[in-house]
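Descriptive analysis of the structure
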Amino acid sequence: MSAASATPPSRAARLRLRHSLDVASRGADLLEQKLRILRTRHESLLRAEEAGARAWHDTVREAETWLLRGLLQGGEHALETAADGVGPAEITWREETTMGVRHPWHLSCQVPGRPPDAATPGSTALIHAEAAWREALRAGAEYAVARAAAGIVAAEVARTRQRVRALRRHWIPRLEESLAQVGLALEESEHEDAVRRRWAAGSSDGGGCGGG
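Bear in mind that the values here come from a model prediction, so they are computed numbers and not experimental data. (Residues numbered from 1 in each chain as written. Predicted model: local features only at pLDDT ≥ 70, side-chain atom pairs only at ≥ 80, totals over all residues. Heavy atoms only, no water.)

A general tendency of soluble globular proteins is for nonpolar side chains to be buried together. Formed by Leu-17, Leu-21, Ala-24, Ala-28, Leu-31, Val-164, Leu-167, Ile-172, Leu-175, Leu-179, Val-182 and Leu-186, the largest nonpolar core amounts to 12 residues. Among the elements of the structure, α2 (11–83) and α3 (124–211) are those that each provide at least two residues to this core. If one sorts the elements of this core by residue count, α3 sits on top with seven residues. Sequence-distant contacts of Leu-167, defined by excluding residues within four places in its chain, comprise Ala-24, Gly-27, Ala-28, Leu-31, Ile-172 and Pro-173. Membership of the second largest hydrophobic core comes to eight residues, among which are Leu-35, Leu-38, Leu-45 and Val-101. (Core = buried A, V, L, I, M, F, W, Y, C linked by side-chain atoms within 4.5 Å. Buried < 20%, exposed > 50% of the residue type's maximum accessible area, 1.4 Å probe, protein only. Helix = DSSP H or I, 4+ residues; strand = E, 2+ residues; numbered from the N terminus. Contact = heavy atoms within 4.5 Å.)

Below, the discussion takes up the pattern of salt bridges. Scanning the model with the defined rule gives nine salt bridges in all. Residues Lys-34 and Glu-156 are paired through a salt bridge, measuring 3.0 Å at the closest nitrogen-oxygen approach. Of this pair, Lys-34 sits in helix α2 while Glu-156 sits in helix α3; the two residues are 122 residues apart in sequence, bridging distant segments of the chain. In this structure, Lys-34 and Glu-156 share a single accessibility class: buried. Across the pair Arg-159 and Glu-156 runs a salt bridge, and its minimum N-O distance is 2.8 Å. Of this pair, Arg-159 and Glu-156 both sit in helix α3, three residues apart, roughly one helical turn. What makes Arg-159 partly exposed here is its relative accessible area of 45%. The class of Glu-156 is buried, set by a relative accessible area of 12%. (Salt bridge = Lys/Arg side-chain N within 4 Å of Asp/Glu carboxyl O.)

All right, on to the pairing of strand β2 (residues 101–110) then. Bridge count between strand β1 (residues 90–98) and β2: nine bridges; the pairing is antiparallel. Along β2, the bridge assignment pairs Thr-98 with Val-101. In sequence, β1 turns back onto β2 through a hairpin of two residues, with Met-99 there showing a positive phi of about 50°. (Pairing = 2+ DSSP bridges.)

Position of Arg-39 relative to the elements: it lies in helix α2. According to the relative accessible area criterion, Arg-39 is partly exposed, its value standing at 37%. Once the C-alpha coordinates of Arg-39 and Val-153 are considered, the two residues, 114 residues apart in sequence, prove to be 8.3 Å apart. What Arg-39 contacts, discounting residues up to four positions off in sequence, is Val-157 and Arg-161.

What follows is the structure, given as structure tokens:
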């Protein structure tokens, strides 16, 4: 059953349909504005994700090169000794909101330094490897946050686009059609009322002459 068939052809029904159409049109406009802002933000997040991926791959490649040199120079025992006393990294981030969409951003990656009483790496290559892996860890964390943020915003872009499409292609045309049908029904009803009034007025005039 369409909206027109479910709505009696009255002036109040026409006003309600006009109000619903105005609300739907304003809603679609606001959603399209939100969609434009989200798309712009998503593009910037995609660029950050791509840059983060390149930085991560580059730093990992450099760290692996230094690690291999350290292993060749001192063996696995030297690597195990160099790892003693190094604590875990702490990665935190704050959330940012874009048009009501919360996503991770503002990364903080704290890599603890080597304790004073810990043994230093046994070779220059392992010292460089340790520094390179610290940079790789930071780059990997930044890439992960950018990728997560881009995914969250992309999902909201898809949802908002779907809502705009539903309004523009389905709900608003349906309201417009219903409004047109109610308007036509009102015109026909008013025309019939006018015809009946004229007929009633003519009958009344005719009856009065006959009575004279």
